[in-house]
Amino acid sequence: MAIILGGGGLITRQLSGGADKDALEVLLVHRCKHQDWSLPAGKLDPGEDLAECALREVFEETGFVCELGRELGAVDYVDRRGRLRQMYYWEMDAISGSFSATPEVDAIKWIPLRDALEHLSHPRDLEILSAFFALAGDSILT
């Protein structure tokens, strides 16, 4: 079985006045076709590497040009069509841009990082949040 590779991002921003991870917000996208809230991500185009894919997909889904941070790892899952997917994620900072709804993503929202646990629709996105917290020396499970 072929694996569909892709990339995505955990885009964060600092709340005004905050200086630690408890003052971070994360960007979630609402995919109208799936009626879910997730981290922006998508499949690799021919000739792209995974980091290029992640930056392109984040831009296409959010309208934000981002800067790559640390790699957060990969998640494997089987999609609705029974295909195996492997998505690689990076920490990202938005450096410019603005959101406009598309046929794929009809809304975005910035929410406090810890609140994302209750908003994300898929366990695979929670794995990426957990990896981010582990790199920051914390656990989302406590």
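Predicted model, so just to flag it, every value in this text is computed and none were measured.

Calculation notes
Residues numbered from 1 in each chain as written. Predicted model: local features only at pLDDT ≥ 70, side-chain atom pairs only at ≥ 80, totals over all residues. Heavy atoms only, no water. Salt bridge = Lys/Arg side-chain N within 4 Å of Asp/Glu carboxyl O. Buried < 20%, exposed > 50% of the residue type's maximum accessible area, 1.4 Å probe, protein only. Patch = residues over 30% accessible without salt bridge, like charges linked within 9 Å, V, L, I, M, F, W, Y side chains within 5 Å. Areas by Shrake-Rupley, 256 points an atom, 1.4 Å probe, with all protein chains shown as cover. Lys, Arg positive; Asp, Glu negative; His and termini not counted. Charge placed at Lys NZ, Arg CZ, Asp CG, Glu CD. Helix = DSSP H or I, 4+ residues; strand = E, 2+ residues; numbered from the N terminus. Pairing = 2+ DSSP bridges. Core = buried A, V, L, I, M, F, W, Y, C linked by side-chain atoms within 4.5 Å. Contact = heavy atoms within 4.5 Å.

## A closer look at the pattern of salt bridges
Thinking step 1. Within this structure, the stated rule accounts for nine salt bridges.
Thinking step 2. Between Arg31 and Asp36 there is a salt bridge; the shortest N-O distance is 2.4 Å.
Thinking step 3. Since its relative accessible area comes to 17%, Arg31 is described here as buried.
Thinking step 4. For Asp36, a relative accessible area of 2% gives the class buried.
Thinking step 5. Across the salt bridge formed by Arg56 and Glu60, the nearest N and O atoms sit 3.2 Å from each other.

## Points about a positive patch on the surface
Thinking step 1. Together, Lys33, Lys43, Arg80 and Arg81 give the surface a local cluster of positive charge.
Thinking step 2. Among the structural elements, Arg80 can be located in the loop between strand E5 (64-78) and strand E6 (84-97).
Thinking step 3. Since its relative accessible area comes to 66%, Arg80 is described here as exposed.

## Quick notes on the pairing of E5
Thinking step 1. Sheet analysis places E5 next to E6, joined by 12 bridges and oriented antiparallel. The residue of E6 that forms the bridge with Tyr77 is Arg85.
Thinking step 2. Adjacent in sequence and paired antiparallel, E5 and E6 are bridged by five residues, among which Gly82 carries a positive phi angle near 85 degrees.

## So, a nonpolar patch on the surface
Thinking step 1. On the surface, a nonpolar cluster with roughly 270 Å² of combined accessible area is contributed by Phe59, Val65 and Ile95.
Thinking step 2. Tracing the backbone shows Ile95 in strand E6.

## Description of the nonpolar core
Thinking step 1. In this structure, Leu10, Val26, Leu39 and Tyr89 are the most contacted members of the largest nonpolar core, which totals 20 residues.
Thinking step 2. Taken together, the elements giving at least two residues each to this core come down to strand E2 (24-31), E5, E6 and helix H3 (123-135).
Thinking step 3. Among the elements that line this core, the one with the most residues is H3, at four residues.
Thinking step 4. Discounting chain neighbours no more than four positions away, the residues touching Leu39 are Gly9, Leu10, Val26, Leu27, Leu28, Val29, Tyr89, Leu120, Asp125 and Ile128.
Thinking step 5. Listed in part, the 11 residues of the second largest apolar core include Ala54, Cys66, Trp90 and Met92.

## Side note on the environment of Pro46
Thinking step 1. Considering the arrangement of structural elements, one finds Pro46 in the loop between strand E4 (41-43) and helix H1 (50-62).
Thinking step 2. For Pro46, a relative accessible area of 83% puts it in the exposed group.
Thinking step 3. Sequence-wise, Pro46 and Glu118 are 72 residues apart; in three dimensions their C-alpha atoms are separated by 35 Å.

Coordinates in, geometry out; function isn't part of it.
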